[in-house]
Amino acid sequence: MAEGVKPRVKAPATAKAGEAVVLKTLISHIMESGQRKNKDGSVIARSIINRFTCEFNGAMVIDVEMHPAISTNPYFEFEAVVPATGELKFTWYDDDGSVYSDAKTVTVA
Amino acid sequence: MKLNRRTTLALGLGAAAIVALPVRFAAAATGDEMIAAFTGGAAVAEGGVTITAPEIAENGNTVPVAVASEGAVSIMILAMGNPTPGVATFNFGEAAGAHSASTRIRLAGTQDVVAIAKMADGSFTRGVATVKVTIGGCGG
């Protein structure tokens, strides 16, 4: 597991039924591209998050396949439709097999 | 064969072309290959994807990029001038509110950023944005 990985998600606490809400996610991760070299000339091994998914009550919102060209601390902004009160589940998949997740509850008034 | 001025020139040109070819192929083929793998060789229409990216990016390590395409199932972003052209593929699910997303990417230098969208009916469309990069983002 890479060190200091901390997911952060910004989602509204309440929404109107059927409204598209904007979600912003950030996860702290070095996203080592596998292109950089050490001082002694050896290549630093690739270590990135290669997939990110967001689900709302089990329905897929977005599924992102990531490559080394995604910046350090990967940031995503996208929209989801919220038909009823439910839970947004965010999952990040690391190259080394680790899985990081976060969840937010959106209440439909 | 007598080595006169004309043949010498021709030889030199030929040698230069041979040297230059493999390098160009290695860089260009992977991006085109990724497009071919994504589209399955289908024709790609122009202009159906909106890419929002800065004209000039001072730092190639974090370039904000947003893509949007009405009715897209998935959108693939490629940085054609990077050592590995793949950037990200967004697959929109049933609960997606808009067919758009934004993120931050690395760019090795001034280049075209290409986005290809797969539509619900199986057709493909693309958009291109040129980004000038002052300091590249791929390390030494």
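Scroll up a little and you will see the structure.
Here the structure is a predicted model, which means the values were calculated and not measured.

Reading guide: rules and limits
- Residues numbered from 1 in each chain as written.
- Chains lettered and ligands numbered in written order.
- Predicted model: local features only at pLDDT ≥ 70, side-chain atom pairs only at ≥ 80, totals over all residues.
- Heavy atoms only, no water.
- Helix = DSSP H or I, 4+ residues; strand = E, 2+ residues; numbered from the N terminus.
- Buried < 20%, exposed > 50% of the residue type's maximum accessible area, 1.4 Å probe, protein only.
- Contact = heavy atoms within 4.5 Å.
- Areas by Shrake-Rupley, 256 points an atom, 1.4 Å probe, with all protein chains shown as cover.
- Buried area = accessible area lost by both parts, 1.4 Å probe.
- Salt bridge = Lys/Arg side-chain N within 4 Å of Asp/Glu carboxyl O.
- Polar contact = N/O pair within 3.5 Å; in protein donor to acceptor, adjacent residues only side chain to side chain.
- Nonpolar A, V, L, I, M, F, W, Y, C, P; charged D, E, K, R; others polar.
- Pairing = 2+ DSSP bridges.
- Axes fitted to C-alpha atoms, helices over the stretch in contact; angles between N-to-C directions.
- Phe/Tyr/Trp six-rings, centres within 6.5 Å; stacked < 30°, edge-to-face > 60°.
- Core = buried A, V, L, I, M, F, W, Y, C linked by side-chain atoms within 4.5 Å.

Asks: Would you mind going over the overall build of chain B with me for this structure?
Replies: When its secondary structure is counted, chain B shows one helix and nine strands. What you see in chain B, going N to C, is helices and strands ordered as α-β-β-β-β-β-β-β-β-β. Residues counted as buried form 37% of the 140 residues belonging to chain B. The long-range share in chain B, meaning contacts at least 24 apart out of those at least 6 apart in sequence, stands at 63%. Just so you have it, chain B exposes about 7500 Å², and 60% of that area is on carbon and sulfur atoms.

Asks: Which parts of the structure should I look at to understand the interface of chain B and chain A?
Replies: The extent of an interface is frequently quoted as the accessible surface area lost upon association of the parts. Between chain B and chain A, the contact holds 30 residues from the first and 30 residues from the second. Contact with chain A buries area across many residues of chain B, yet Ala95, Arg104 and Arg106 of chain B alone supply 27% of it, more than any other trio. Our enumeration of links across chain B and chain A arrives at zero salt bridges. Linking chain B with chain A are 18 residue pairs in polar contact (both at pLDDT 80 or more). Elements represented by at least two residues in the side of chain B that touches chain A include exactly β6 (86-92) and β7 (96-105) of chain B. At nine residues, the largest contribution of residues to the side of chain B that touches chain A is made by β7 of chain B. Classifying every residue of the side of chain B that touches chain A by side-chain character gives 13 nonpolar, 14 polar and three charged. With four bridges joining them, strand β6 (residues 75-82) of chain A and β7 of chain B adopt antiparallel strand pairing. Among the inter-strand pairings, glutamate 77 of chain A is bridged to a residue of β7 of chain B, identified as serine 102 of chain B.

Asks: What exactly am I supposed to notice about the sheet that holds strand β2 (residues 50-52) of chain B here?
Replies: Sheet strands pair by backbone hydrogen bonding; their relative direction is either parallel or antiparallel. The antiparallel open sheet is built from six strands, whose spatial order is β1(A)-β3(A)-β6(A)-β7(B)-β4(B)-β2(B). The open sheet has two free edges, formed respectively by β1 (7-10) of chain A together with β2 of chain B, since each of these has just one partner strand. When strand polarity is set aside, the average angle formed by the axes of neighbouring strands in this sheet is 20°.

Asks: It is not clear to me how the packing of aromatic side chains should be interpreted in this structure. Could you clarify?
Replies: Pairs of aromatic rings are described using the distance from one ring centre to the other and the angle between the two planes. All names here are of chain A. According to the stated counting rule, one finds five aromatic pairs over all chains in the structure shown. Each ring, one from phenylalanine 52 and one from phenylalanine 76, has its centre 5.4 Å from the other, and the planes form 5°; the classification is stacked. One end of the pair, phenylalanine 52, is in strand β4 (residues 49-56); the other, phenylalanine 76, is in strand β6, and 24 residues separate them in sequence. Accessibility expressed as a relative area gives 0% for phenylalanine 76, which makes it buried.

Asks: What is the right way to look at the side chain of serine 33 of chain A in this model?
Replies: Among the secondary structure elements, serine 33 of chain A is positioned in the loop between β3 (19-27) and β4. Leaving out residues up to four positions away in the same chain, serine 33 of chain A has contacts with Arg46 and Pro68 of chain A together with Arg106 of chain B.

Asks: I keep staring at the pairing of strand β8 (residues 111-119) of chain B and nothing clicks. Help me out?
Replies: Successive residues of a regular strand alternate their side chains across the two faces of the sheet. All names here are of chain B. Burial analysis of β8 places seven of its nine residues in the buried class, the great majority of the element. Relative to β8, strand β5 (residues 72-79) is paired through seven bridges, and the arrangement is antiparallel. Residue alanine 79 lies in a different strand from β8, and its bridge partner there is valine 113. Here β8 pairs with strand β9 (residues 124-135) via eight bridges, running antiparallel. From the neighbouring strand, valine 113 faces β9, where its bridge partner is alanine 129. Hairpin geometry of β8 and β9 is characterised by an intervening segment of four residues between the two adjacent antiparallel strands and by a positive phi of about 90° at glycine 122.

Asks: Explanation requested: the nonpolar core in the structure shown.
Replies: In a soluble, globular protein the nonpolar side chains are often hidden away together inside. Counting residues in hydrophobic clusters, the biggest one holds 55 residues, and the most contacted among them are Phe52, Cys54, Ile62, Phe78 and Phe90 of chain A together with Phe90 of chain B. Among the elements that take part in this core, strand β5 (residues 59-66) of chain A stands out by supplying five residues, more than any other. In terms of nonpolar packing, the next biggest core, distinct from the first, is built from seven residues, Phe38, Leu78, Ile116 and Phe124 of chain B among them.

Asks: Would you take a moment to explain unusual backbone geometry for this structure?
Replies: Only a minority of non-glycine residues have a phi that is not negative, and only a minority of peptide bonds are not trans. Residues and elements named next belong to chain A. Positive phi, normally seen in glycine, also occurs at methionine 31, with a value near 50°. Position of methionine 31 among the secondary structure elements: in the loop between β3 and β4. Phi is positive for asparagine 73, close to 55°, though the residue is something other than glycine. Classification of asparagine 73 by relative accessible area gives partly exposed; the value is 33%.

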